[in-house]
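One-letter residues, chain by chain:
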Amino acid sequence: MMLSTVTVLVAFIFQGCFAKVDLPALPYDYKALEPIISSKTLEFHHDKHHAKYVATTNSMITEDSGLSDAPLEEIMKQSYGKNAGLYNNAAQAWNHAFYWNCMKKKGGGKPTKQKKLMSLIKTSFGSFDAFLEEFSNAANTAFGSGWAWLVFDSETGQLMVTKTIGAENPMNVNPNWAPLLTCDVWEHAYYLDYQNLRPTYTESFLSKLVNWDFVAANLETASAKSSTQEVGSEL
Amino acid sequence: MSTGCKLIINSALRAATHVNSSKLRPDLAKSSAAFLSSAPSGGKHTLPDLAYDYNALEPIISAETMELHHSKHHNTYVTNLNVALEKLDSAVSAGDVSSIISLQGALKFNGGGHLNHTLFWENLAPSSSSELSVGPLKGLIAECFGGFDAMKEQMSASSIAVQGSGWGWLGYNKKTGRIEVATCANQDPLEATTGLVPLFGVDVWEHAYYVDYRNVRPNYVNAIWDLINWDAVEKRLADAQK
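The text that follows walks through the structure, step by step, so that each part is easy to find. Everything numeric in this text was worked out from a predicted model, so none of it was measured.

### Concerning the sheet that holds strand β1 (residues 146–153) of chain A
Residue and element names in this part refer to chain A.
Here comes step 1: Read from one edge of the open sheet, three strands run β2-β1-β3, paired in antiparallel fashion. Each edge of the sheet is formed by a strand with only one pairing partner; in this case those strands are β2 (158–165) and β3 (177–184). The mean inter-strand angle of the sheet, taken between neighbouring strand axes irrespective of direction, is 25°.
Here comes step 2: Two elements, β1 and β2, share eight bridges in a ladder whose sense is antiparallel.

Right, here's the structure in full:
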């Protein structure tokens, strides 16, 4: 009797250890993005909002043997359009982890060092300023809670700006789209610091926070993936 | 142009075009027709005053939230609604169907935002200033939900569960004569979206509670019941049942 109880306990703990989506630590400390984003906001945003999405995702997948060991992107793919509750939490877990990396202390400005990215921005949008305008517009006109994205379209080889509502991630909207940069425009992302002035938050995000190294690295991964797929289809 | 002024001009213009229509220059006839047929935008919408001070709903909703919510958020919806309606007038006058359609998003968002918030301020009142007494509303709640507590539980749960931004509503169904709990996303207005007549709403956009409750929406939703203006809700039901 006791042995089986112990076994069950061990199995439970074992499963708990492995059937898990992680809450990644912030890539910087809470004060790093001040004064653009306050430490109070980062603390709430990461330790409460992001943490809750992770915890809820984990509690929803422990029952499902198919998903309990799956990586987050697989959980999103499986639940998109089928299990709104699971998708909303899993995608938000992904989106937030991605968002933290999109920002850094003394970021923003132009990606002049990231030549391939800058060149692709120019060919896709006409100019860097045109990209800024389109991205700002997407961020500022999301009618509610949502995200603004810069994505790489593997079909055209070009970059695009898109916006999504709620938890939606562009890679689930269109499998050819790979996210390169995102800005969270749920009110909790900026309310303590900017109240209703979302455009000021968006402008500050773009001019002072964007981590262009991360964006360039995402482009590298996305374009490498797309060229191997092309090669594969020619064989 | 003021409504009165437009009335005078419209009548004169109609008279002139009727009498002289065949003699009017084609370009003048065309622009008169456009002017006369332009959908009246109903004048400019304005931010309604609150029936109470910003601090009247404390400590459940702080004065800081009320001021931000009313003078900034609601005010922005009103301003942007007026802008969208002006653009609509131009598009209708020009017969530009594509532009008319492209304005629908802004109209729904800002028009809905204005409608929803106007209803919201009216269905709130200082704590314990009104109560749900025996009457048609209480009776209907008992009939449709089994009791007040059951209705409160369902409405709270639905409002808390809204994904992202939206509203929780208690609505009156004119076809069935019953009341129902419903939720709408973003600023989608209840009646235009579902056909239900709004009795009272709870704003669950983060801006409604973030200053006071941070991410803990359930605390805000549970607390707001103390602020419901039951007199206003009773009146809305009576009006809807006419």
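Still more to cover.
### Brief notes about the packing of aromatic side chains
Here comes step 1: Per the counting criterion, the structure on display carries 28 aromatic pairs over all chains.
Here comes step 2: When the ring centre of F44 of chain A is taken as reference, the NZ or CZ atom of R214 of chain B above it lies at 5.2 Å.

### Thoughts on the interface of chain B and chain A
Here comes step 1: Listed by partner, the interface residues are 18 residues for chain B and 15 residues for chain A.
Here comes step 2: In total, chain B and chain A occlude about 1700 Å² of area from one another, counting both sides; carbon and sulfur atoms represent 58% of this.
Here comes step 3: Contact with chain A buries area across many residues of chain B, yet E206, Y210 and R214 of chain B alone supply 34% of it, more than any other trio.
Here comes step 4: At the surface where chain B touches chain A, the tally comes to zero salt bridges.
Here comes step 5: Run the count over chain B and chain A and you get eight residue pairs in polar contact (both at pLDDT 80 or more).
Here comes step 6: Those elements that place two or more of their residues in the side of chain B that touches chain A are α3 (63–94), α5 (104–122) and α9 (210–213) of chain B.
Here comes step 7: Top element by residues in the side of chain B that touches chain A is α3 of chain B. It accounts for four residues.
Here comes step 8: Grouping the constituent residues of the side of chain B that touches chain A by class yields six nonpolar, nine polar and three charged.

### Comments concerning the pairing of strand β2 (residues 178–185) of chain B
All names here are of chain B.
Here comes step 1: Bridge count between strand β1 (residues 166–173) and β2: eight bridges; the pairing is antiparallel. Considered in β2, the bridge of W169 is made with A182.
Here comes step 2: Hairpin connection of β1 to β2: four residues between the antiparallel strands, including G177 at a positive phi of 70°.

### Topic: the sheet that holds β2 of chain B
All names here are of chain B.
Here comes step 1: Judged by pairing direction, the sheet is antiparallel, and its three strands sit side by side in the order β2-β1-β3 without closing on themselves. The sheet is open, and its two borders are formed by β2 and β3 (197–203), each paired with just one other strand. Going across the sheet, the axis of each strand differs from the next one's by a mean of 25°, ignoring polarity.
Here comes step 2: The pairing of β1 with β3 spans six bridges and is antiparallel. Within β3, the residue paired with Y172 across the bridge is V197.
Here comes step 3: Contacts from helix α6 (residues 136–145) reach β1 and β2 within the one sheet, and its direction differs from that of β2 by about 80°.

### With respect to helix α5 (residues 115–125) of chain A
Residues and elements named next belong to chain A.
Here comes step 1: All of the buried residues along α5 are L117, M118, L120, I121 and F125. Around the axis of α5, the buried residues are gathered within 165° of arc, so they sit on the same side. Turned more than 90 degrees off the buried face of α5, the exposed positions are K115 and T123.
Here comes step 2: In the stretch just after α5, G126 is the one whose phi turns positive, near 100°.

About the thresholds
- Residues numbered from 1 in each chain as written.
- Chains lettered and ligands numbered in written order.
- Predicted model: local features only at pLDDT ≥ 70, side-chain atom pairs only at ≥ 80, totals over all residues.
- Heavy atoms only, no water.
- Pairing = 2+ DSSP bridges.
- Helix = DSSP H or I, 4+ residues; strand = E, 2+ residues; numbered from the N terminus.
- Axes fitted to C-alpha atoms, helices over the stretch in contact; angles between N-to-C directions.
- Phe/Tyr/Trp six-rings, centres within 6.5 Å; stacked < 30°, edge-to-face > 60°.
- Lys NZ or Arg CZ within 6 Å of the ring centre and 35° of its normal.
- Contact = heavy atoms within 4.5 Å.
- Buried area = accessible area lost by both parts, 1.4 Å probe.
- Salt bridge = Lys/Arg side-chain N within 4 Å of Asp/Glu carboxyl O.
- Polar contact = N/O pair within 3.5 Å; in protein donor to acceptor, adjacent residues only side chain to side chain.
- Nonpolar A, V, L, I, M, F, W, Y, C, P; charged D, E, K, R; others polar.
- Buried < 20%, exposed > 50% of the residue type's maximum accessible area, 1.4 Å probe, protein only.
- Arc of directions from axis to C-beta.

Keep in mind that these numbers describe shape and distance, not what the molecule does.
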